[in-house]
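# Structural overview
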Amino acid sequence: MNKRTFLGLGAAIMGATSLRSLFGGEGGAPPPAGGLTNWAGNLRYSTDNLVVFDSVEKVREYVRTHDSMRTLGTRHCFNTIADSSHALVSVKPMDQVVSLDPTAKTVTIEAGMTYGQLGPYLHEKGFALHNLASLPHISVAGACATATHGSGVGNGNLSKAVSGMELVTPDGDLVTISRAKDGEAFPGAVVHLGALGVVTKVTLDVEPTFQVSQEVYENLPTAQLSEHFDAVMSAAYSVSLFTDWQKGRISEVWVKRRVDGGIAAADLTRYGATRATRNLHPIVELSAENCTEQMGVPGPWYDRLPHFRMGFTPSSGKELQAEYFVPRENAVDAILAIERLRDRITPHLFISEIRTIDADDLWLSPCYKQPSVAIHFTWKPEWDAVLGLLPLIEKELSPYKVRPHWGKLFTIEPAVLQSRYERLGDFKNLAAKYDPRGKFRNEFLSRNLYG
């Protein structure tokens with residue numbers, strides 16, 4: 001599909017909505033060869049001016065002497081939240097542990113570090129994080145800035161572990177923000193969408209290390225899930241559901257149990273599921289070679305809580321992603337609403353994943369003050385189909401005041417999106433305090449937060 005066709009289709013569906021602000025690149029079409037792109041290759045950034053830093057002092061000097069920029073992490077966002085038409089700043093070489101405080105139970109790291117780097121270090125020192133996302137390849141700072149998450153009814157998103165940050169503000173000043181000293185304002189700064197400055201260090205809460213075993217079940221009937229949703233999702237420390245929305249069943253349930261404490265995971269065969277007899281990929285037709293170990297074999301938390309192993313690329317990247325959060329109390333109704341669209345969704349879908357996330361007090365978190373369920377879509381790179389399906393999904397979920405993942409594709413209008421965040425006004429005041437001239441603002445933020 002060429003650019004003109006895509007733009008015409010977009011205009012028909014979304015009226016005056018800017019496709020670039022939603023999909024990025026050349027009208028949303030796959031970018032041509034060359035140029036700086038995101039991980040999936042669906043988005044070509046508006047500039048190739050990528051400036052990479054290996055020290056805080058270099059970051060400070062650059063920020064002080066330049067007028068507009070955005071920070072780029074591991075490029076795992078599927079929309080233009082990290083885009084800039086002027087300059088992209090990367091601190092990827094700054095990827096070391098700064099300090100580990102066993103007494104305070106915190107670790108401070110440089111902002112370029114990934115979870116895959118941090119996990120083994122913490123485990124060796126006897127510590128762990130409370131949870132991890134599906135991929136260990138993503139940067140800690142970027143994941144926390146966008147409220148990225150794992151699963152578990154008692155587990156908050158990854159941002160919830162943040163207890164402090166160091167960032168460079170527009171004048172090149174180095175500022176520290178912490179839960180201990182900044183009180184009420186701190187929850188506003190954690191999920192910051194890159195609007196406050198260039199983060200150079202992050203401090204995280206840690207806990208004693210633990211072991212996890214992982215089992216997979218197949219073909220859980222949707223009717224049983226509907227009747228026993230809370231029991232299924234509480235079956236272990238972390239539970240994820242995978243579905244293509246067909247055949248009235250959840251194709252796979254990934255059950256991750258903490259080995260410490262002696263609490264066994266619930267047996268999901270009581271709900272009609274069957275135990276897998278081999279390691280599985282979330283897309284059952286694909287090899288499980290790059291997936292974390294299953295079959296109940298215990299292993300360290302950092303090698304079981306993600307779905308994919310650090311040493312492997314999880315996929316070719318040729319995909320699109322969208323994800324929507326609804327209150328956990330509305331989970332079953334929301335899932336059934338999506339299932340009614342199954343025959344329209346499935347032809348364009350690789351797989352969907354359903355996870356639970358506990359409530360938090362972070363102003364721009366999709367889980368702010370509400371335990372939530374996230375419904376994730378990994379789409380085939382079929383632009384016209386995805387563009388047509390997102391508004392339909394959002395309409396089905398609108399009764400539940402759906403909130404999208406900040407780093408993935410959505411078409412929710414700005415006024416509606418803004419109405420879903422009761423502390424948005426406070427966040428904009430906070431952003432004005434740290435960045436009064438909008439040096440770190442881009443088109444995505446201007447549209448979705450201020451439009």
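I will try to describe carefully the structure that is included in this document. (Residues numbered from 1 in each chain as written. Predicted model: local features only at pLDDT ≥ 70, side-chain atom pairs only at ≥ 80, totals over all residues. Heavy atoms only, no water.)

Turning to the overall build of the chain, a few remarks are in order. Looking only at helices and strands, the chain has 15 helices and 19 strands in total. A compact globule built from 451 residues should have a C-alpha radius of gyration of about 22 Å, and the chain, at 21 Å, falls within 12% of that. Of all 451 residues assigned to the chain, the portion counted as buried reaches 58%. Long-range contacts, defined as pairs at least 24 residues apart, comprise 72% of the intrachain contacts of the chain with a sequence gap of at least 6. Here the chain displays about 17,100 Å² of accessible surface, and carbon together with sulfur accounts for 50% of that area. (Helix = DSSP H or I, 4+ residues; strand = E, 2+ residues; numbered from the N terminus. Rg over C-alpha atoms; globule rule 2.2 N^0.38 Å. Buried < 20%, exposed > 50% of the residue type's maximum accessible area, 1.4 Å probe, protein only. Contact = heavy atoms within 4.5 Å. Areas by Shrake-Rupley, 256 points an atom, 1.4 Å probe, with all protein chains shown as cover.)

Attention shifts here to the packing of aromatic side chains. Enumeration according to the criterion identifies eleven aromatic pairs in this entry. A centroid spacing of 6.3 Å and a plane angle of 25° characterise the contact between Trp245 and Phe377, whose relative ring orientation is stacked. Highlighted residues: Trp245 in the loop between β12 (238-243) and β13 (249-258) and Phe377 in strand β18 (residues 372-379), separated in sequence by 132 residues. Residues Trp245 and Phe377 agree in their burial class; the two are buried. Above the plane of the ring of Tyr421 lies Arg403, whose end atom (NZ or CZ) is 5.0 Å from the centre. (Phe/Tyr/Trp six-rings, centres within 6.5 Å; stacked < 30°, edge-to-face > 60°. Lys NZ or Arg CZ within 6 Å of the ring centre and 35° of its normal.)

The next subject is the nonpolar core. Among the nonpolar cores identified, the biggest contains 116 residues, and Tyr324, Ile345, Phe377 and Trp379 are the most heavily contacted of them. Apart from residues no more than four positions distant in its own chain, Phe377 is found in contact with Trp245, Leu320, Gln321, Ala322, Tyr324, Ile338, Ile345, Leu349, Ile351, Ser352 and Ile393. Among the nonpolar cores identified, the runner-up in size contains eleven residues, and Val216, Ala276, Leu280 and Ala288 belong to it. (Core = buried A, V, L, I, M, F, W, Y, C linked by side-chain atoms within 4.5 Å.)

A few words now on helix α4 (residues 115-124). Those residues of α4 not exposed but buried are Tyr115, Gly116, Leu118, Gly119 and Leu122. Taken around the axis of α4, the buried residues stretch over an arc of 160°, which confines them to a single face. Buried positions along α4 lie against β4 (97-101), β5 (106-110), β6 (127-128), α5 (140-145) and β9 (198-205). One or two positions beyond α4, positive phi appears at Gly126, with a value near 90°. (Arc of directions from axis to C-beta.)

What follows is about the sheet that holds strand β1 (residues 50-52). Reading across from one edge, β1-β3-β2 is the order of the three strands in this open sheet, with parallel pairing throughout. At either end of the open sheet lies a strand with only one pairing partner, and these are β1 and β2 (70-71). Judged from the three bridges that link them, β1 and strand β3 (residues 88-90) form a sheet pairing that is parallel. The partner of Val52 across the bridge, within β3, is Ser90. (Pairing = 2+ DSSP bridges.)

Taking strand neighbours across the sheet as the criterion, the five strands line up as β4-β5-β9-β7-β8 in an open arrangement whose pairing is antiparallel. Only two strands of the sheet have a single neighbouring strand rather than two, namely β4 and β8 (174-178). Strand-to-strand twist of the sheet, defined as the mean angle between neighbouring strand axes without regard to direction, takes the value 15°. Pairing geometry for strand β7 (residues 162-168) and β9, over six bridges, is antiparallel. Within β9, the residue paired with Val168 across the bridge is Val198. Helix-sheet contacts for helix α3 (residues 56-65) involve β7, β8 and β9, and the interaxial angle to β9 is about 135°. Sitting on the sheet, α4 touches β4, β5 and β9, and the angle it makes with β4 is about 35°. (Axes fitted to C-alpha atoms, helices over the stretch in contact; angles between N-to-C directions.)

With that out of the way, let us pick up the pattern of salt bridges. The final tally for this structure, using the stated rule, is 20 salt bridges. Note that Glu184 and Arg423 form a salt bridge whose closest N and O atoms lie 2.7 Å from each other. Of this pair, Glu184 sits in the loop between α6 (179-182) and α7 (186-190) while Arg423 is found in the loop between α13 (414-419) and α14 (424-434), placing the two residues 239 residues apart along the sequence. In this structure Arg423 comes out as buried when scored by relative accessible area, which is 17%. (Salt bridge = Lys/Arg side-chain N within 4 Å of Asp/Glu carboxyl O.)

A word on the environment of Phe427. Following the sequence through the fold, Phe427 ends up in helix α14. We classify Phe427 as buried; its relative accessible area is 0%. For the pair Phe427 and Leu362, spaced 65 residues apart in sequence, the C-alpha separation works out to 10 Å. Aside from chain neighbours lying at most four places away, what touches Phe427 is Gly188, Val191, His192, Ala195, Trp363, Leu364 and Leu449.

So, on to the pairing of β9. Counting buried positions along β9 yields six of eight residues, so the element is predominantly enclosed. Pairing between β5 and β9: five bridges, direction antiparallel. Residue pairing in the sheet places Thr108 in a bridge with Thr203 of β9.

So, on to α3. For α3, the full list of buried residues reads Val56, Val59, Tyr62 and Val63. Viewed along the axis of α3, the buried residues span an arc of 130°, placing them on a single side of the element. On its buried side, α3 packs onto β1, β3, β7, β8 and β9.

Of note, Lys247 is a non-glycine position whose phi angle comes to about 65°, a positive value. Its location among the elements puts Lys247 in the loop between β12 and β13. The exposure class assigned to Lys247 is exposed, which follows from its relative accessible area of 72%. Phi at Lys401 takes a positive value of approximately 50°, unusual for a residue other than glycine. Relative to the assigned elements, Lys401 resides in the loop between α12 (383-397) and β19 (403-404).

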